[in-house]
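Observations on the three-dimensional arrangement
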Amino acid sequence: MEKKIMDKGDFLYPRGRYYGHVQPENLVFNANLQEFAQRINYICNLETGGKLPPAEAYKQIKLLWKELKRSKKQLGIGEEPFQNNDSDSEFED
């Protein structure tokens, strides 16, 4: 039986598959979101294990949240600039 050697990066930072609407900005945001979740997990575990003070954990999580919000804004996630509320009314005569 052949053993598959797992890459350390894949083990430490696993990536889930993306099932949403495939657009470049959605894929980038999904990768950012997964990285955010992994880093939050590490911070929480360090704080729970007594290796990181609660105030420092809070500070790091707050910085990560701001980075994720900035990423969302830069990628335009949740914005629909070309969507028209009149549903194709400009093409009707």
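For the chain, the name recorded in an unreviewed UniProt entry is Isopropylmalate/homocitrate/citramalate synthase, with Anabaena cylindrica as its organism.

**As for the overall build of the chain**
The helix and strand inventory of the chain stands at three helices and zero strands. N-terminal to C-terminal, the α/β element order of the chain is α-α-α. Residues counted as buried form 14% of the 93 residues belonging to the chain. A sequence separation of at least 24 residues applies to 52% of the contacts in the chain between residues at least 6 apart. Looking at the chain as shown, the accessible area adds up to about 8500 Å², and 54% of this sits on carbon and sulfur atoms.

**A short note on the nonpolar core**
The biggest cluster of nonpolar side chains holds nine residues, and these are Phe29, Phe36, Ile40, Ile43, Leu52, Ala57, Leu64, Leu68 and Ile77. Sorting the residues of this core by element identifies helix H2 (24-48) and helix H3 (54-75) as the ones contributing at least two each. No other element matches H2, which puts four residues into this core. Not counting chain neighbours up to four residues away, the residues in contact with Leu64 comprise Phe36, Arg39, Ile40 and Ile43.

Procedures and definitions
Residues numbered from 1 in each chain as written. Predicted model: local features only at pLDDT ≥ 70, side-chain atom pairs only at ≥ 80, totals over all residues. Heavy atoms only, no water. Helix = DSSP H or I, 4+ residues; strand = E, 2+ residues; numbered from the N terminus. Buried < 20%, exposed > 50% of the residue type's maximum accessible area, 1.4 Å probe, protein only. Contact = heavy atoms within 4.5 Å. Areas by Shrake-Rupley, 256 points an atom, 1.4 Å probe, with all protein chains shown as cover. Core = buried A, V, L, I, M, F, W, Y, C linked by side-chain atoms within 4.5 Å.

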